[in-house]
Amino acid sequence: MSDCIFCRIINNEIPSNKVYEDEHVVAFKDIDPLAAVHIVVVPKTCCLHFHKTEDNILAHIMSAIKKIVVEQDLVDKGYRLVNNNGIDGGQTVDHVHFHILGGEKLGSNLTG
Ligand code: 5GP
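These numbers come from a predicted model, not from an experiment. (Residues numbered from 1 in each chain as written. Predicted model: local features only at pLDDT ≥ 70, side-chain atom pairs only at ≥ 80, totals over all residues. Heavy atoms only, no water.)

Here we take up the layout of surface pockets. By volume, the largest pocket is sized at about 410 Å³. As for the largest pocket, its lining consists of 23 residues, and the residues nearest its centre are Phe6, Asp30, Ile31, Val40 and Val93. Elements that contribute at least two residues to the lining of the largest pocket include exactly helix H1 (5-10), strand E2 (25-29) and strand E3 (37-43). Among the elements that take part in the lining of the largest pocket, H1 stands out by supplying three residues, more than any other. Here the residues of the lining of the largest pocket sort into 10 nonpolar, 10 polar and three charged. By volume, the second largest pocket amounts to about 230 Å³. Around the second largest pocket, the lining residues are Asp73, Leu74, Asp76, Lys77, Gly78, Tyr79, Arg80, Gly102, Gly103, Glu104, Lys105 and Leu106. (1 Å grid on protein atoms, 1.4 Å probe; cavity = no way out; pocket = protein on both sides within 12 Å on 5 of 7 lines; lining within 4 Å. Points joined across faces, edges and corners; volume = space filled by probe spheres on them. Helix = DSSP H or I, 4+ residues; strand = E, 2+ residues; numbered from the N terminus. Nonpolar A, V, L, I, M, F, W, Y, C, P; charged D, E, K, R; others polar.)

Laid out in structure tokens, this is it:
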């Protein structure tokens, strides 16, 4: 069993509230939401950082995010994408991921 919490979510070893899944990507509701809508989007292939993730996987994640923001009804009022990397970037889970935040007027700080 993997130590990576997101790998365990991907493999259905622990429960999550999934909102999207395809062959390369899973998206689920954040367990500790920072906004009315807070979704975490992860590639199924575990990679630690954005800058180490293959371009084709990043492109697939971006394509999935475009679908998710439409499905979540976020496009009219807007949303925020956040990708934290490393210690200075505030990354707490060592599996590259993007946060989608929205569903309310967000503050000016950039955390996600
Ligand atoms: P980071 O700080 O690494 O950018 O974001 C990690 C995010 O994963 C946090 O917002 C945190 O709440 C979320 N998270 C951590 N563990 C779990 C979990 O077990 N389930 C879900 N759904 N989200 C998690």
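What follows is about the site of the ligand. Residues in close proximity to the ligand total 15 residues, the closest being Asp30, Asn84, Thr92, His97 and His99. Between the ligand and glycine 90 there is a distance of 3.3 Å, counted from an oxygen atom to a backbone nitrogen or oxygen. Note that an oxygen atom of the ligand is positioned 2.7 Å from one of the backbone N or O atoms of threonine 92. Here the ligand loses 84% of its free accessible area of 520 Å² to cover by the protein chains. (Near = heavy atom within 4 Å. Polar contact = N/O pair within 3.5 Å; in protein donor to acceptor, adjacent residues only side chain to side chain. Areas by Shrake-Rupley, 256 points an atom, 1.4 Å probe, with all protein chains shown as cover.)

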